[in-house]
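Chains, contacts and geometry: an overview
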Amino acid sequence: KSDPQPESSQRRFSQTYEFFYWFVKNHTDYYFNVEASKIAVKKNTVNRLYYKFNKSEQTAVSRMRGIIENMEHKVDDFLMKGVNAGDLWIIPTNKDPVAHPAPYPRELIIRPIVACCPEGGGVLDPFCGSGTTLLTAIELNRRAMGIDINQEYVNLTNNRIKAEIGRASCRERV
C-alpha cells in the first residue's frame, strides 16, 4: 500500500501490504494470461538499457555490431510489450465512499482477474463485502459469484451491482 492506515503497534513492523489468494482446481492445468497483465517498463530501466547498448556499440569491434543491433531489436520488443507485473504492486488505497470498513480499489483486482480468468470464466469472492470484485469481474465479461455471512453486505453488493451495471444480476440464497 502506498498510503496505509497508521498502526499503533510498537512491537512489530506496520503492515503495508495485503495478501492476495489465487486458487485453481488443477495445479498442473490452469489459465494464466501473462500478456493481459503486463505493466510498462520503468523509465530508469529504459535509460539503463539504452545506455548499456549505446556505450557497448561505441566500444565494440565491427564483428560484434550485428549482435548488438539484434539485441537492440529485442530490447525494443521488450520495452513495447511490457514486463510481467510480479508479485508486488503499488496501488493507492481506495478513496471511494463505500459503506464497508475495508474497501479496496478496483485497480487491485483487475490484474488478477484478466490474468487468471478467461472472458466468460467464473470469479468467486468468498468474502464479497462491498462487491468490488464482483463488479469488476462483471465489467470485464466474467461471471461472478460472491459469498458473505453478513446480510447487510449482501444487500450493499446487490445494490451496487444494480446501480453500476444497470441490471439485477444477483440471486440470493440463504
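A brief report on the enclosed structure follows. (Residues numbered from 1 in each chain as written. Predicted model: local features only at pLDDT ≥ 70, side-chain atom pairs only at ≥ 80, totals over all residues. Heavy atoms only, no water.)

1. Comments concerning the overall build of the protein chain
Cut-off, in case you're wondering: Secondary structure counts use DSSP, requiring at least four H or I residues in a row for a helix and at least two E residues in a row for a strand, with both numbered from the N terminus. Any pair of residues with heavy atoms lying within 4.5 Å of one another is described as a contacting pair. Surface accessibility in these figures is a Shrake-Rupley result with a 1.4 Å probe; residues are shielded only by whichever protein chains are displayed.
Assigned secondary structure in the protein chain consists of five helices and two strands. Reading the protein chain from its N terminus to its C terminus gives the helix and strand order α-α-α-β-α-β-α. Excluding contacts between residues fewer than 6 apart, the proportion of contacts in the protein chain whose partners are at least 24 apart in sequence is 53%. A total accessible area of about 13,200 Å² is found for the protein chain, and carbon and sulfur atoms account for 54% of it.

2. Some remarks on a nonpolar patch on the surface
Applicable threshold: Each patch is built from residues that are more than 30% exposed by relative accessible area and take part in no salt bridge. Like charges join if they lie within 9 Å; nonpolar side chains (Val, Leu, Ile, Met, Phe, Trp, Tyr) join within 5 Å. Salt bridges are defined as contacts in which a side-chain nitrogen from Lys or Arg sits within 4 Å of a carboxyl oxygen from Asp or Glu.
Residues Phe20, Trp22, Val24, Tyr30 and Phe32 make up a contiguous nonpolar surface patch of roughly 480 Å² in combined accessible area. Tracing the backbone shows Val24 in the segment before α1 (43–59).

3. Structural notes on helix α4 (residues 132–139)
Applicable threshold: Only protein chains enter the calculation, and the probe is 1.4 Å; a residue is then buried if its accessible area is under 20% of its type maximum, exposed if over 50%, and partly exposed in between.
Burial analysis of α4 places seven of its eight residues in the buried class, which makes it a mostly covered element. Contacts from the buried residues of α4 go to α3 (106–116), β1 (122–125), β2 (143–146) and α5 (151–165). Remark: Asn141 follows α4 within two positions and exhibits a positive phi of approximately 60°.

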